[in-house]
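Geometric and topological summary
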Amino acid sequence: MSQAFRTEAGGLVDRGRALAFLFDGREYEGHPGDTLASALLANGVHRVSSGIRTGRPRGIFAAGVEEPNALVQIEEPFPEPMLTATTVELYDGLVARGLRGRGRLAADPDPGRYDGMYAHCDVLVIGAGPAGLAAAAVAASSGARVVVVDDQIRAGGSLLGTGEHLDWVDRVAAELAAAPEVRLLTRTTAVGYYDDNYVVAVQRRPGLPEHRARERVWRIRARRVVLATGAHERSVAFAGNDRPGVMLAGSARTYVNRYGVLPGRRAVVLTGNDSAHDAARDLAAAGVEIAAIADLRDGWAITGVAGTERVEAVTLRTPDGIERRLEADLLLVSGGWNPVGALYSQAGGRLVHDPGLAAFRPDGNCRQALEVAGAAAGSYTLGVCLAEGAAAGRRAAEAAGLEAGAIVLPEVSDPEGRPPLAVWTLPGGDPATAFVDLQRDVTVADLTRATGTGMRSAEHVKRYTTAGTAHDQGKTSGALTSGVIAELLGVEVGALGVTTFRPPFTPVSFAALAGRNRGMRFDPVRVTALHAWHEANGARFENVGQWKRPWYYPREGEDMAAAVLRECWAAREGVAMMDASTLGKIDVRGPDAAVFLDRLYTNMISTLAPGAIRYGVMCRPDGMVFDDGTVIRLAEDRFLVTTTTGNAAAVLDWMEEWLQTEWPELRVHCTSVTEQWATVALVGPDSRRVLATLAPALDVSRAGFPFMTWRDAEVAGRTARVCRISFSGELAYEINVSWWDAVALWEALLAAGAPFGITPYGTETMHVLRAEKGYPIIGQDTDGTVTPHDLGLGWAVSRKKADFIGRRSFSRTDTARPDRKQLVGLLPDAGSLLPEGSHLLTGPDETAALGHVTSSYHSAALGRTFALALVRGGRDLIGQTLWATLDDGVTPVTVTGSVLYDPEGTRRDG
Amino acid sequence: MMLIPCPWCGPRDESEFHYGGQAGVAYPADPDALSDEEWARYLFFRDNPKGPFRERWSHSAGCRRWFSLVRDTVTNEVLR
Amino acid sequence: MAERNSPLGGAADRLAAVAAATGGAVTVAEVPFLTQLNVRTRPSGDVNVLQLGPDEWLVVGSSASAVGAAVDVSAQRTTVAVGGSRVLDLLAMGCAIDLHPRVFRVGDCAQTTLAHAPVIIWRRETEFWILVRSSFAAHLADWIVDAAQEFTAGD
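The structure displayed is predicted, hence computed values, not measured ones.

In terms of regular secondary structure, chain A is built from 21 helices and 46 strands. Relative to a compact globule of 910 residues, whose C-alpha radius of gyration would be 29 Å, chain A shows 37 Å and is clearly more extended. Taken over 910 residues, chain A has a buried fraction of 61%. As displayed, chain A has an accessible area near 33700 Å², and 51% of this comes from carbon and sulfur atoms. Counting 93 positive and 108 negative side-chain charges, chain A places the centres of these two groups 2 Å from one another.

And the structure:
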């Protein structure tokens, strides 16, 4: 029988269309507008899941995000674990099953698209119930920029559940949707409230084509926030309060009025406040027989619930103490209403206990620019909610310097009511079946055990029992848990307080948080002007910081080792070229530029003549190497400094920090020109002849263009700056041209070098060539604990300058001691390639390490493997044997100096 | 996500900034006049208060200017 | 001699296709080879750049510090012009600052990040010019093309 519990008429579902779905292997039908929960109830299905610890059958307990029980696993169209049936919008073809506790992640990547969007507004209204809609409408009337978020598929909030004033809701929602400066976001849950009114909300966007995002994360910065998040009903702890068929009274009312679904045929109502009476009235009007209303305020109680898979009967105790058993398939419970204070708490606000309300509510004294309106503030009558919302909207508009107009509010007359009674537990029955947290299966017995061990704080009990730590974040159980603990300890619940709320308010998928920042968009990829050429010519790439750099260029049939040997050979014996454009470049100019650089670099820069180049090392004040590079003096007051690829931004920041915070009197300006210039390193004994071909006007002779000088020249018809520097020990040039001219230069070099077998090479070959010469790479051979002296760069540390950054630290006891780790070379005795990071031991059976391998390569020039390492007192160990750890043992290595190739430097000038 | 008031660019998300630690720790005028311990105090020791803290920020994704502000380390409120 | 190559010269067709695919909701094109001169000086008040001749410009402001620096950075960044009816939504997918016309007016510029890349955003009459470091240009172009999928016409 299809939808036997659907009412004849009424509700906000589209009865004209049927949606087919599968739950626990059985076929059902529902309608657009249903949640999975309402569709299940329409088909008479109450039991959805089982208790995670007890395995007890569990049903649908609520109608919204507060649901603790009805956990489901979505199987089709794409697996999603641990959703609640009350928040899953029904769609055709949905396949789901009930879950006991944990779900299952998909084994395949999610094909869905997710994205994110920033938004800014004068007023963010969270919750589109009566208070939120009134606030939004008033704020919008001022022309303010307004964002409204609401987790339901349509605006209305509690009015959807009561069925009242829906015409007003629809009119206001339509006006908001049409207003140019208003964004009304339904199906959007505010999950996090962070510093300075930064709210993160997740929007579900079902039914869109695949190229559009199915979920969107909104990151909203609001001048003011109106929290109109409503209230959640809570239960009472009594034996058997977890049986399928036990339901929050207000939720049952929602199923009847909003979904046209009868949650049962014959109901008993247990309540301590007036709202459940309204629910009973609506259920009765829809055809549910109300067997009894047991009002706790009048001395009624419940002493037993019969039925396992479903409530079958309820035993009441009358005010006279007489027990009566009533047949019923539904037990509606209202232990009171809790203002939804999670976001308020996340914003830094405090929740205080209000005895008149019998609940915790926001204290109204949050440091952030927000206010709370309606039920979220503890105002439970419609007229007050509307008035509070409108006032909040008006104040928010005023705060934005705008004047709100008048709006039409529905006419309501708030009834006089009886004050609620807070009842946390009912006596009788087994306290191990009186549940406070249904999702974590925490009972009164568990709390009794916790307080019995001496725990006095709600936070401690929470951690001990796990109450409130499930993915429902204790929405229905938090206040109840505090109430029961207070009762057990004999203290006021207000003095005990509630536990802290943390984001997210509802579970958020990792896919949504990642958005489009995945794969290649996780972090920007930086490329050089020559990237397309490298790709077209088969380069393998290496990531260096955000850059993609050519690693090596394998030819047909070559592996990496073979390609690198070939590239190295070309650089040592012929001519080779590399794209060095990623090096950071900073233009430093001003009358005090030389003074400035003298203070930053360990070596003397001011003595450098225009036209000349010097290698320089930078340290932190603690004396540890920070970066290195070349300094080119363009003129008396102009320098171009290069940085390592990964440190370009850090070095510029470093310069600005010292200039702005310590030496504002220096007349110096620093400008990044990293991408202004493309740089090609031309390396090898034949490089001079290749350059001469392309720069006929340039004197490239040894005497005419000496080592560590630069020339402005025309190369391949392009304006270029050529530097005679070498990072390989070979005769070499670095040719700088505009980014725009890089491809032209590169292709001209390929053509001019063809007769010499010019060979493009990548970073691996560069590393081998420099390591053979003992040139360290900052960040590979150093780790922030290495001084220039440790690297053998003591020659680059000035003894003449009065001061420079790091100098004072070189005389610290720790920095000056002789047994620091020093950079040395290693020659593996057995010819093996040592793993980088391998530990170096004094003997094959020793365990204490003297240091570790920082770089390790095959060398074409040496005809063997070699390595660089940082070794304690390493320079005193030259000639001795150490043992390097491998995956499966150790191997002997001989310690050498760090310069293994051409130590005399005979090849530098070609 | 804090909103940090850059004096030149206006308020921006904290992700646009680099944190520079405690403000007002000057580079010593004469490092050689300091003992190793005094020098180490300059290098390695900073206040870490609970409450108002005067600290440096650099608007690294914007104008790259350094500035100081007072932030409450408990609430992240920028006090001045 | 080979021509000059701009950072997004190879992506021109892909960028042009966005306008067609989105029915004009998003338009995107590189504006290559612009002259860009980075001037470091500190004038205050009303600052203007006067053209004195075909190759001479004068920065005028009150109490300008005499010492400054002018550095050619023409190739340091390229320019991506983005426009269309949904351009604000497109930019909001990757830029955290408020570009609403009440706040960010025609002629305003901001140095910030877009799609995690450092950029200068400049609002012009009908479109935004995004000045992006040349090495990030391909990333930004890919990001824009991908983001524009959301505005594909016809659904």
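Having seen the structure, we can now continue with the description.
This part is about the pattern of salt bridges. All names here are of chain A. As enumerated under the stated definition, the model contains 69 salt bridges over all chains in all. Residue Glu730 pairs with Arg572 through a salt bridge whose shortest N-O separation is 2.9 Å. Here Glu730, found in the loop between strand 38 (718–723) and strand 39 (732–738), pairs with Arg572, found in helix 15 (residues 560–573); they are 158 residues apart in sequence, far enough to count as distant. The burial state of Glu730 is the same as that of Arg572; both residues are buried.

With that settled, consider the interface of chain C and chain B. Between chain C and chain B, the contact holds 8 residues from the first and 9 residues from the second. A combined buried area of about 590 Å² lies between chain C and chain B, and 38% of that area is made up of carbon and sulfur atoms. Along the contact surface separating chain C from chain B lie 0 salt bridges. If you look at where chain C meets chain B, you find 3 residue pairs in polar contact (both at pLDDT 80 or more). Among the elements that take part in the side of chain C that touches chain B, strand 7 (residues 109–114) of chain C stands out by supplying 4 residues, more than any other. Of the residues assigned to the side of chain C that touches chain B, the class counts are 3 nonpolar, 3 polar and 2 charged.

A separate point is the domain arrangement of chain A. Residues and elements named next belong to chain A. Assigned domains of chain A: these are domain 1 (19–98), domain 2 (112–230 + 337–415 + 509–523), domain 3 (232–336 + 418–496), domain 4 (533–581 + 676–769), domain 5 (584–672) and domain 6 (812–910). Placing a centre on the C-alpha atoms of domain 4 and another on those of domain 6 gives a separation of 29 Å. With 16 residues of domain 4 at the interface, the matching set in domain 6 holds 12 residues. For the pairing of domain 4 and domain 6, the buried interface totals around 1200 Å² over both sides, and the portion due to carbon and sulfur atoms is 54%. Run the count over domain 4 and domain 6 and you get 2 salt bridges.

Looking now at the sheet that holds strand 7 of chain C. Neighbouring strands of a sheet are bound in pairs by backbone hydrogen bonds; such pairs are parallel or else antiparallel. Residue and element names in this part refer to chain C. Spatially, 1-6-9-8-7 is the arrangement adopted by the 5 strands of the open sheet, whose pairing is antiparallel. The open sheet is flanked by strand 1 (27–31) and strand 7, the only strands paired with a single partner. For this sheet the average axis-to-axis angle between neighbouring strands, irrespective of direction, equals 30 degrees. Here strand 6 (residues 77–83) pairs with strand 9 (residues 127–133) via 7 bridges, running antiparallel. Paired with Ala81 across the two strands is Trp129, which belongs to strand 9.

Moving on to the packing of aromatic side chains. In the structure shown here, the tally under the stated rule is 24 aromatic pairs over all chains. Measuring from ring centre to ring centre gives 5.3 Å for Trp533 of chain A and Trp746 of chain A, while their planes differ by 65 degrees; the resulting arrangement is edge-to-face. One end of the pair, Trp533 of chain A, is in helix 14 (residues 531–536); the other, Trp746 of chain A, is in helix 19 (residues 742–753), with 213 residues separating them in the sequence. For Trp533 of chain A, a relative accessible area of 16% translates into the label buried. Both rings, one in Tyr615 of chain A and one in Trp795 of chain A, keep their centres 5.9 Å apart while their planes meet at 35 degrees; by these two values the pair is tilted. Of this pair, Tyr615 of chain A sits in strand 32 (residues 613–619) while Trp795 of chain A sits in the loop between helix 20 (763–772) and helix 21 (813–816), and the two are 180 residues apart along the sequence. Judged by relative accessible area, which is 19%, Tyr615 of chain A ranks as buried. The cationic tip of Arg599 of chain A hangs over the ring face of Trp663 of chain A; the distance from NZ or CZ to the ring centre is 4.9 Å. Against the face of Trp122 of chain C rests Arg124 of chain C, its NZ or CZ located 4.8 Å from the ring centre.

As a further point, take helix 2 (residues 130–141) of chain A. All names here are of chain A. In a regular helix each residue adds 1.5 Å, so 12 residues correspond to 16 Å; helix 2 covers 16 Å between its end C-alpha atoms and thus fits that length. Within helix 2, 11 of the 12 residues are buried, leaving the element largely enclosed by the surrounding structure. Those residues of helix 2 that fall on the buried side of the exposure criterion are Pro130, Ala131, Gly132, Leu133, Ala134, Ala135, Ala136, Ala137, Val138, Ala139 and Ala140. Trailing helix 2 by a residue or two, Gly143 shows a phi angle of about 85 degrees, which is positive.

What follows covers the interface of chain C and chain A. The partner chain A presents 50 residues to the 49 residues of chain C that form the contact. For the pairing of chain C and chain A, the buried interface totals around 4300 Å² over both sides, and the portion due to carbon and sulfur atoms is 50%. Summed over the three residues of chain C that lose the most area to chain A, namely Arg40, Ser135 and Glu150 of chain C, the buried surface amounts to 15% of that side. Counting across the interface, chain C meets chain A through 10 salt bridges. The interface formed by chain C and chain A contains 29 residue pairs in polar contact (both at pLDDT 80 or more). Those elements that place two or more of their residues in the side of chain C that touches chain A are strand 2 (37–40), strand 5 (69–72), helix 2 (87–92) and helix 3 (137–147) of chain C. The element that contributes the greatest number of residues to the side of chain C that touches chain A is helix 3 of chain C, accounting for 6 residues.

Moving on: the state of the cysteines. Residue and element names in this part refer to chain B. Counted according to the given criterion, the structure contains 0 disulfides over all chains. Here Cys9 is not disulfide-linked; the sulfur of Cys63 is the nearest cysteine sulfur, at 3.8 Å. Judged by its relative accessible area of 28%, Cys9 falls in the partly exposed class.

Looking now at the sheet that holds strand 19 (residues 313–317) of chain A. All names here are of chain A. Taken together, the 3 strands give an open sheet; going across it, the order is 18-19-20, and neighbouring strands pair in antiparallel fashion. What marks the edges here is a single partner per strand, and that holds for strand 18 (301–306) and strand 20 (323–327). Averaged over neighbouring strand pairs, the angle between their axes works out to 25 degrees when direction is ignored.

Reading guide: rules and limits
Residues numbered from 1 in each chain as written. Chains lettered and ligands numbered in written order. Predicted model: local features only at pLDDT ≥ 70, side-chain atom pairs only at ≥ 80, totals over all residues. Heavy atoms only, no water. Helix = DSSP H or I, 4+ residues; strand = E, 2+ residues; numbered from the N terminus. Rg over C-alpha atoms; globule rule 2.2 N^0.38 Å. Buried < 20%, exposed > 50% of the residue type's maximum accessible area, 1.4 Å probe, protein only. Areas by Shrake-Rupley, 256 points an atom, 1.4 Å probe, with all protein chains shown as cover. Lys, Arg positive; Asp, Glu negative; His and termini not counted. Charge placed at Lys NZ, Arg CZ, Asp CG, Glu CD. Salt bridge = Lys/Arg side-chain N within 4 Å of Asp/Glu carboxyl O. Contact = heavy atoms within 4.5 Å. Buried area = accessible area lost by both parts, 1.4 Å probe. Polar contact = N/O pair within 3.5 Å; in protein donor to acceptor, adjacent residues only side chain to side chain. Nonpolar A, V, L, I, M, F, W, Y, C, P; charged D, E, K, R; others polar. Domains from an automatic or database assignment. Pairing = 2+ DSSP bridges. Axes fitted to C-alpha atoms, helices over the stretch in contact; angles between N-to-C directions. Phe/Tyr/Trp six-rings, centres within 6.5 Å; stacked < 30°, edge-to-face > 60°. Lys NZ or Arg CZ within 6 Å of the ring centre and 35° of its normal. Expected span 1.5 Å × (residues − 1). Disulfide = S-S within 2.5 Å.

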